[in-house]
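# Secondary and tertiary structure notes
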Amino acid sequence: MIEVAICDDVREDAIELQSYFDSRMYEVNCDIFSNAMEFIAAEKTYDVIFLDFDLPGMSGEELAEKLREEETDSLLVFFTGTREPTPEIFTLQPFRYLMKDMLPGRMKREVGEILEKCRERKKAYHIYAKEAGDIVKVPVYTISYIELAKHGSIVHTVQKNQRQQYTLRENIREIGKKLEDSGFVQAHNSYLVNMEHIVRYHKTYIQLQEGIQLNVSRAYRKKFDLAFRRYLLNKG
């Protein structure tokens, strides 16, 4: 079951969005909220949250900021008819940015891709790593970056407010091959970065959502820049 929340004060728009959920492909439970306070009061965890900007009281952008401060694992999708995306919006790491006047065919495709992403995440695609001598399963989407170590590599994860480190026997090159289709890119000889965790990118450095700043080396700059631009393009 994919848990979906739609936060939109125009109920007709929310119902129309809900109509794009293909029940033949996905089992979805959808809750509709007319404002941010209703959503917060529900105290429920969702796989994906669709947010309109123009909500009464707390705006959709303010709610997104609150959710990111709480380090929610939910996918955020902005669903609006009034505002074009700005560079600042992407610091909130939306998975998609949907305009309400999008053509039906494209909207159906975009919503399908969002639900498919939720399904993939619920499958908890993972790697096995070590913690204090124990072998543990680590969901890939929680990995922020992977750092080169003397013997293998160190996996850095962030989930909600908790950060964790694990060790791998594989080196950066070996693990990079496994994760090349999962949004990871090498920014330096010493680490791989999960692009979903990037909140700021300068040509010489990146900042991750947990505040960590990593350099983008000259040797990897062109490759990283191309990969990140392609990643943003695919996000919407």
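Attention in this report is confined to the structure presented alongside it.

About the cut-offs
- Residues numbered from 1 in each chain as written.
- Predicted model: local features only at pLDDT ≥ 70, side-chain atom pairs only at ≥ 80, totals over all residues.
- Heavy atoms only, no water.
- Helix = DSSP H or I, 4+ residues; strand = E, 2+ residues; numbered from the N terminus.
- Polar contact = N/O pair within 3.5 Å; in protein donor to acceptor, adjacent residues only side chain to side chain.
- Contact = heavy atoms within 4.5 Å.
- Pairing = 2+ DSSP bridges.
- Axes fitted to C-alpha atoms, helices over the stretch in contact; angles between N-to-C directions.
- Buried < 20%, exposed > 50% of the residue type's maximum accessible area, 1.4 Å probe, protein only.

Relative to the elements of secondary structure, Asn194 occurs in strand E12 (residues 191–194). For Asn194, the side chain forms a polar contact with the main-chain oxygen of Ile143, separated by 2.8 Å. Sequence-distant contacts of Asn194, that is, excluding residues within four places in its chain, are made with Val140, Tyr141, Ile143, Ser144, Ser182, Gly183 and Phe184.

Take the sheet that holds strand E15 (residues 213–215) next. One open sheet holds the three strands; their spatial order is E13-E14-E15, and the pairing between them is antiparallel. Two strands in the sheet have a free side with no partner beyond their single neighbour: strand E13 (198–202) and E15. Taking the axes of each pair of neighbouring strands and ignoring which way they run, one obtains an average angle of 20° across the sheet. Relative to strand E14 (residues 205–208), E13 runs antiparallel, the two being bridged by four bridges. The partner of Ile198 across the bridge, within E14, is Leu208.

Here five strands make up an open sheet; going across it, the order is E2-E1-E3-E4-E5 and the pairing parallel. The sheet is open, and its two borders are formed by strand E2 (28–33) and strand E5 (96–99), each paired with just one other strand. For this sheet, the mean angle separating the axes of adjacent strands, direction not counted, is 20°. Pairing of strand E3 (residues 48–51) with strand E4 (residues 75–80), which is carried by four bridges, proceeds in the parallel orientation.

Bringing unusual backbone geometry into the picture now. With phi around 50°, Glu43 is a residue other than glycine that occupies positive phi space. Mapped onto the secondary structure, Glu43 falls in the loop between helix H2 (36–42) and E3. Here Glu43 falls in the exposed class, since its relative accessible area comes to 75%.

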